[in-house]
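# Structural overview for review
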Amino acid sequence: MLRKSFRKFFLKRFEYSEAGQDIFALNLIGKNGTYLEVGGFKPKLDSNTYILESQNNWKGITIEFKKELQPLWISCKERKNKIYFEDALKFNYKIALQENNLPLHLNYLSCDIDPRDKTFEALKKILKEGLSFDFISFEHDDYTSDVSYHKLASEYLIPKGYKIAVNNIYPKNKKNKIFETWFVNSKINFEPIEFSEWKNNNL
C-alpha cells in the first residue's frame, strides 16, 4: 500500500512517469534515494526520475543517447543531477558513479533504451560492472513481438538475487501494451503483485 503522504502528493502528477515507476520507488525507499537512469529521454515528460529528483531529493545520474535532447535538459532548471549524452552500451557506469559520489548499490535502476534487445544488453553490462539495486524497472516491450524479453530478463536477474515484484505493466490505461516488469532485490520483503491490482491500490 502506498504511503498516504506520497499517494496524496502524486495523484495529480502521474503524468510524469509512464506507469507510476516513481511512485513505486518512493513507496519502497522514501526520500533521499539514489538512482541510475538508462534512457532518460525528456527531463519531465514520461520521466521515471523527475519527481524523485525535483521533489524528493534523490541523487543519481542519467544516460541518454540523443544529444538533440540536451537543450531540453539544460532548460529544465529542476534537473540538477548529472546527465551524460553517451551510448549506454559503451558507458563506464562504475567510474561515473564514483565521479558523482554515488555508491555501487543504488536504490533504483530505470532501464529503457531502444530497441529492447539493447535495453537487455545494457542491463547485463550494468550488473557485470558490479552495480546492484533495490528496484529495477525493465522495459521489454513484449507487446511488439513474440520474443519475450520479460522472460529473458527474469532468467538473467533471478539467479543474481532479484525477484519479480510487479508484472504485466502497461502505460497509463493502455492495457493491451504490456511493456515492462518491475524487479526488486530478493532481500526486500515484497509479495509479487499484478500491475492492475497495484495500480488500483496506488494510483
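See the structure printed just above.
The following refers to the structure shown. Since the structure is predicted, the reported quantities are computational estimates derived from the model, not experimental observations.

A complete count under the given rule lists 16 aromatic pairs for this structure. A ring pair is formed by F120 and Y149, whose centres lie 6.0 Å apart and whose planes are at 70°; its orientation type is edge-to-face. Pair noted here: F120 is in helix α6 (residues 116-128) and Y149 is in helix α7 (residues 149-157), with a separation of 29 residues, a long-range link. With a centroid separation of 6.1 Å and 85° between ring planes, the pair formed by F120 and Y156 is classed as edge-to-face. Of this pair, F120 sits in helix α6 while Y156 sits in helix α7, and the two are 36 residues apart along the sequence.

Its place among the elements puts P159 in the loop between α7 and β6 (162-169). For the pair P159 and S186, spaced 27 residues apart in the sequence, the C-alpha separation amounts to 10.0 Å.

Judged by nonpolar contacts, the single largest core of 30 residues is most densely connected at L36, L123 and F133. Listed by contribution, the elements that provide at least two residues to this core are β1 (34-38), β2 (59-63), α5 (93-99), β4 (105-111), α6, β5 (132-139) and α7. Per-element tally for this core: the top contributor is α6, with five residues. Those residues within four positions of L123 in sequence are excluded, and the remaining contacts are L109, C111, I136, F138, A153, Y156 and L157. Counting residues in hydrophobic clusters, the runner-up holds 26 residues, among them Y50, L52, W58 and Y170.

This part covers the sheet that holds β5. The strand order across the open sheet built from eight strands is β3-β2-β1-β4-β5-β7-β6-β8, with neighbouring strands paired in mixed fashion. Strands at the two margins of the open sheet, each flanked by one partner only, are β3 (83-84) and β8 (193-194). The pairing of β6 with strand β7 (residues 180-185) spans five bridges and is classified as antiparallel. By the bridge assignment for β7, K163 is matched with V184. Across the face of the sheet, helix α2 (residues 21-29) comes into contact with β4, β5, β6 and β7 while running at roughly 160° to β5.

Reading the values: the criteria
- Residues numbered from 1 in each chain as written.
- Predicted model: local features only at pLDDT ≥ 70, side-chain atom pairs only at ≥ 80, totals over all residues.
- Heavy atoms only, no water.
- Phe/Tyr/Trp six-rings, centres within 6.5 Å; stacked < 30°, edge-to-face > 60°.
- Helix = DSSP H or I, 4+ residues; strand = E, 2+ residues; numbered from the N terminus.
- Core = buried A, V, L, I, M, F, W, Y, C linked by side-chain atoms within 4.5 Å.
- Buried < 20%, exposed > 50% of the residue type's maximum accessible area, 1.4 Å probe, protein only.
- Contact = heavy atoms within 4.5 Å.
- Pairing = 2+ DSSP bridges.
- Axes fitted to C-alpha atoms, helices over the stretch in contact; angles between N-to-C directions.

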